[in-house]
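Remarks on the overall topology
One-letter residues, chain by chain:
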Amino acid sequence: MRKVYLDHAATTPLREEVLEVMLPYFSQHFGNPSSIHWYGREIRKVVEAAREQAKALLGGSSGSIYFTSGGTESDNIAILGAAEALAKKGNHIITSAVEHHAVLDACKSLEKKGYELTVLPVNQHGLVSPDSLAAAITDKTVLVTIMHANNEVGTIQPIKELAAVARQHGVLFHSDGVQAVGQIPVNLDELGVDMYTISGHKIYGPKGVGALYIRKGVKVRPLYHGGAQEEKVRPGTENVAGIVGLARALELAVEEQRSLADTLLPLREKMIKGLTALPDVTLNGHTSLRLPNNVNISVDRVEGESLILSLDMAGIAVSSGSACTSGELEPSHVLMAMGLDHQTAHGSLRMTMGRSTSEQDIDYVLDVVPGIIERLRAMSPLKGEGGKQNVQ
Amino acid sequence: MYSEKVMDHFQNPRNVGEIKDADGIGEVGNVRCGDIMKLYIKVGKDETIEDIKFQTFGCGAAIATSSIITELVKGKTLSEAVTISNKDVAEALDGLPPVKMHCSNLAADALRAAVEDYNKKKA
Ligand SMILES: Cc1ncc(COP(=O)(O)O)c(C=O)c1O
């Protein structure tokens with residue numbers, strides 16, 4: 001059976017070139033970078049080179065890279081750390097309704113501690129408006145966190161404009177760029193952000209490693225207490241192999257961003273065109289301010305998990321914003337924030353392409369999906385707008 | 001995460017469809033939680049379930065539980081059929097993942113609703 005992996009927003013395979021540079025750092029070059037002797041000094045150089053490389057690749061000339069255990073930790077350090085460091089200045093933070101849970105739940109944990117939280121709405125395409133941000137900022141606001149690109153619908157936020165609004169008001173701006181890096185150009189100086197999150201496993205690097213960029217002068221209170229590693233922003237002996245892998249993965253992702261986008265854009269458009277031509281199938285997200293690898297549709301009268309299972313049986317791996325797939329009772333908060341009704345949100349399907357995706361894969365998907373939808377609709381008690389023409 | 005039996009019923013659901021002149025119809029669930037089950041029964045001699053069909057909007061568990069209950073109760077009397085619990089349905093499928101026990105395991109409720117509907121119509 002043909003196997004098609006269309007869940008690259010969930011995770012990506014580690015690249016051979018990345019694995020290769022990581023391997024020596026498990027047993028051969030095993031030293032602790034904090035050690036003063038030769039074994040440690042040798043590794044310290046490697047870690048610092050990775051840090052400088054990552055910083056240069058992200059175009060963040062006025063800050064530093066701090067290595068972490070992944071996107072989730074970077075988001076938490078940025079949000080909890082900055083809010084606590086600025087507790088004397090104010091207690092108001094602002095985020096958006098479509099953030100990843102790593103951001104949203106970190107913000108909500110501050111709310112429980114007595115912070116004031118504003119969750120900015122999005123329009124039907126998932127976009128946050130800079131005007132709404134400007135209107136939400138008060139003299140108590142200390143931090144704004146808005147993601148660069150959304151993991152479910154691929155909507156790309158106007159980060160440069162949003163960060164400029166925050167800067168005008170003297171408020172820190174963090175952005176979660178986990179899904180953006182490698183998909184669209186990222187230059188932190190140009191974006192004007194104070195903090196930025198990346199993760200290894202979304203860019204063909206290792207799982208369990210990420211980084212947080214922090215502009216010079218921005219203070220964060222660490223989540224952990226321990227040694228002096230990562231300037232105490234993130235104590236603990238460094239994940240050296242992971243850090244080396246992250247830097248190499250980032251290098252390849254940045255180098256190849258343009259060519260990957262050029263390959264994926266026509267495939268994305270072909271898939272969107274083919275799928276939305278089916279009866280009662282709609283596109284979620286934005287048509288152009290969209291990651292090149294993301295397709296997200298809603299299939300009316302069909303539930304998302306049953307679509308995933310059916311596609312899985314045909315060898316196609318995808319995901320959904322249906323409640324059944326999140327372990328929660330409510331469907332995706334992202335789709336609901338975009339104004340979808342429950343049924344439409346439950347019937348969503350996310351397909352995220354990657355380096356290995358070919359046109360044949362897309363043809364296969366377009367071949368298989370109509371039959372699956374028809375079969376599930378035939379089982380559904382819900383009827384289409386135009387009567388029963390879709391129900392057999 | 002699902003048993004082979006669940007996947008079998010999901011892939012080859014038994015008794016899908018609508019009974020046009022059903023004697024009882026039971027519908028449970030709502031779009032909010034993402035599961036709607038509709039069971040149709042045809043009641044024959046001695047109050048036995050002569051025919052049963054289902055239509056379900058929902059996840060794999062919702063479809064599989066609807067499918068298997070049609071097998072479990074076909075030919076049974078109404079009083080036998082209503083003793084089947086949601087738990088019995090889950091067991092007949094070799095179990096369901098814990099998160100599915102509440103939201104998608106509604107087939108026995110749908111059946112009882114269909115029987116109630118039948119009794120109401122008859123009265
Ligand atoms: C937008 C976004 N932020 C954060 C994360 C979490 O990253 P990690 O899995 O490295 O903790 C993810 C991955 O699921 C993501 O898509």
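Along every chain, residues carry numbers that run from 1 in the direction the sequence is written. As a convention, the first chain written is A and the first ligand written is 1, with the rest following in written order. Predicted model: local features are reported for residues with pLDDT of at least 70 only, side-chain atom pairs are reported and counted for 80 or more only, and whole-chain, interface and lining totals are derived from all residues. To obtain the side-chain values, all non-hydrogen atoms of the structure were used and water was disregarded.

What to know about the site of the ligand
Residue and element names in this part refer to chain A. Only heavy atoms are used to decide nearness, and a residue is near a molecule or strand if one of them lies within 4 Å of it. Around the ligand sit 13 residues, and of these Thr 72, Asp 176, Gln 179, Ser 199 and Lys 202 come closest. For the accessible areas, the method is Shrake-Rupley and the probe is 1.4 Å, while residue cover comes only from the protein chains on display. Here the ligand, which alone exposes 390 Å², has 85% of that area covered by the protein. Secondary structure counts use DSSP, requiring at least four H or I residues in a row for a helix and at least two E residues in a row for a strand, with both numbered from the N terminus. Per element, the largest residue contribution to the shell around the ligand is 3 residues, and it comes from helix H3 (residues 71-85). Under this grouping Gly is polar, as are all residues other than the nonpolar Ala, Val, Leu, Ile, Met, Phe, Trp, Tyr, Cys and Pro and the charged Asp, Glu, Lys and Arg. When its residues are assigned to classes, the shell around the ligand shows 2 nonpolar, 8 polar and 3 charged.

Here we look at the nonpolar core
Counting 69 residues, the largest nonpolar core has Ile 316 and Met 351 of chain A together with Ile 41 and Leu 111 of chain B as the members making the most contacts within it. A total of 9 residues in this core trace back to one element, the largest contributor, which is helix H12 (residues 359-379) of chain A. Contacts: residue pairs with any heavy atoms within 4.5 Å of one another. Beyond its immediate stretch of four places on either side in the chain, Met 351 of chain A contacts Leu 6, Met 271, Leu 275, Asn 293, Asn 294, Val 295, Ile 297, Val 318 and Val 365 of chain A. The definition of a nonpolar core used throughout is a set of buried Ala, Val, Leu, Ile, Met, Phe, Trp, Tyr and Cys residues joined through side-chain atoms within 4.5 Å. For the exposure calls, accessible area comes from a 1.4 Å probe over protein chains only, and a residue counts as buried if that area is under 20% of its type's maximum, exposed if over 50%, partly exposed in between. Counting 61 residues, the second-largest nonpolar core is a separate cluster that includes Val 122, Val 240, Ala 241 and Ala 253 of chain A.

With respect to H3 of chain A
For an α-helix the count is 3.6 residues per turn, leaving residues at separations of three or four pointing the same way. Between the first and last C-alpha of H3 of chain A there are 21 Å, a value that for 15 residues agrees with the 21 Å anticipated at 1.5 Å per step. Among the 15 residues of H3 of chain A, 12 are classified as buried, and the element is accordingly described as predominantly covered. Helix span, expected: 1.5 Å multiplied by one less than the number of residues in the helix.

Points about the sheet that holds strand S4 (residues 116-120) of chain A
Strands belonging to one sheet form pairs held by backbone hydrogen bonds; the direction of such a pair is parallel or antiparallel. All names here are of chain A. In this analysis, strands are considered paired if DSSP registers two or more bridges between them. The strand order S2-S8-S7-S6-S5-S3-S4 describes an open sheet built from 7 strands, whose pairing is mixed. Since the sheet does not close on itself, it has two edges, and those belong to strand S2 (63-68) and S4, each with one partner. Averaged over neighbouring strand pairs, the angle between their axes works out to 20° when direction is ignored. As defined by bridge partners, S2 adjoins strand S8 (residues 210-215) across 6 bridges and the pair is classed as antiparallel. Within S8, the residue paired with Thr 68 across the bridge is Gly 210. Every axis corresponds to a line fitted to the C-alpha atoms, with the helix fit spanning only the stretch in contact, and the corresponding angles, defined between N-to-C directions, vary from 0 to 180 degrees. Sheet strands in contact with helix H2 (residues 38-58) are S2 and strand S7 (195-199), and its direction is about 120° off that of S2. Contacting S2, S7 and S8, helix H8 (residues 240-276) runs over the sheet at an angle of about 100° to S7.

So, the interface of chain B and chain A
Taken residue by residue, the interface counts 26 residues in chain B and 24 residues in chain A. What counts as buried area is the accessible surface, traced by a 1.4 Å probe, that two parts surrender upon association, with contributions from both included. When the two sides are added together, the surface that chain B and chain A hide from each other amounts to roughly 2000 Å², 66% of it contributed by carbon and sulfur. It is Phe 10, Arg 32 and Phe 57 of chain B in chain B that bury the most area against chain A; as a group they hold 31% of the surface buried on that side. When a carboxyl oxygen of Asp or Glu lies within 4 Å of a side-chain nitrogen of Lys or Arg, that pair is called a salt bridge. Here chain B and chain A share 1 salt bridge between them. The closest approach of N and O atoms between Lys 100 of chain B and Glu 305 of chain A, which form a salt bridge, is 2.5 Å. Identification of polar contacts relies on pairs of N or O atoms within 3.5 Å, with a donor-acceptor requirement for protein atoms, meaning one able to donate a hydrogen and the other able to accept it, and with residues adjacent in sequence counted only if both atoms are side-chain atoms. Scanning the region where chain B abuts chain A turns up 10 residue pairs in polar contact (both at pLDDT 80 or more). Mapped by element, the contributors of at least two residues to the side of chain B that touches chain A are helix H1 (4-11), strand S2 (35-43), strand S3 (49-57), helix H2 (60-73) and helix H5 (100-103) of chain B. Residue composition of the side of chain B that touches chain A, grouped by class: 14 nonpolar, 7 polar and 5 charged.

Considering the pairing of strand S10 (residues 294-299) of chain A
The two faces of the sheet receive side chains in turn, since in a regular strand these alternate between them. All names here are of chain A. Counting buried positions along S10 yields 6 of 6 residues, so the element is predominantly enclosed. As defined by bridge partners, strand S9 (residues 281-283) adjoins S10 across 3 bridges and the pair is classed as antiparallel. Bridged to Thr 282 within S10 is Ser 298. Pairing between S10 and strand S12 (residues 348-352): 5 bridges, direction antiparallel. Note on S12: the bridge partner recorded for Ile 297 is Leu 349.

Some remarks on the domain arrangement of chain A
Residues and elements named next belong to chain A. Here the bounds of each domain stem from an automatic or database domain assignment. Each domain of chain A was delimited in the assignment, giving domain 1 (4-10 + 258-379) and domain 2 (16-253). One C-alpha centre belongs to domain 1, the other to domain 2, and the line joining them spans 28 Å. At the junction of the two partners, domain 1 supplies 26 residues and domain 2 supplies 27 residues. Overall, the association of domain 1 and domain 2 removes approximately 2100 Å² of surface from exposure, summing both partners, and the carbon and sulfur fraction of that is 55%. Considering only the surface of domain 1 that becomes buried against domain 2, Leu 291, His 333 and Met 338 emerge as the three largest contributors, covering 28% of it. Seen at the junction of domain 1 and domain 2, the total is 0 salt bridges. The tally of links from domain 1 across to domain 2 stands at 13 residue pairs in polar contact (both at pLDDT 80 or more). Of all elements in the fold, only H8, S10 and helix H10 (333-337) reach the threshold of two or more residues within the side of domain 1 that touches domain 2.

A look at the pattern of salt bridges
All names here are of chain A. All told, the structure shown has 32 salt bridges over all chains when counted by the stated rule. Note that Arg 15 is salt-bridged to Glu 256, the shortest N-O span being 2.9 Å. Of this pair, Arg 15 sits in the loop between strand S1 (4-5) and helix H1 (16-22) while Glu 256 sits in helix H8, and the two are 241 residues apart along the sequence. Linking Glu 238 and Arg 44 is a salt bridge whose minimum nitrogen-to-oxygen distance equals 3.3 Å. On the criterion of sequence distance, the pair formed by Glu 238 in the loop between S8 and H8 and Arg 44 in helix H2 is long-range, its members being 194 residues apart. Several salt bridges converge on common partners, so that one network encompasses Arg 44, Glu 48, Arg 51, Glu 230 and Glu 238.

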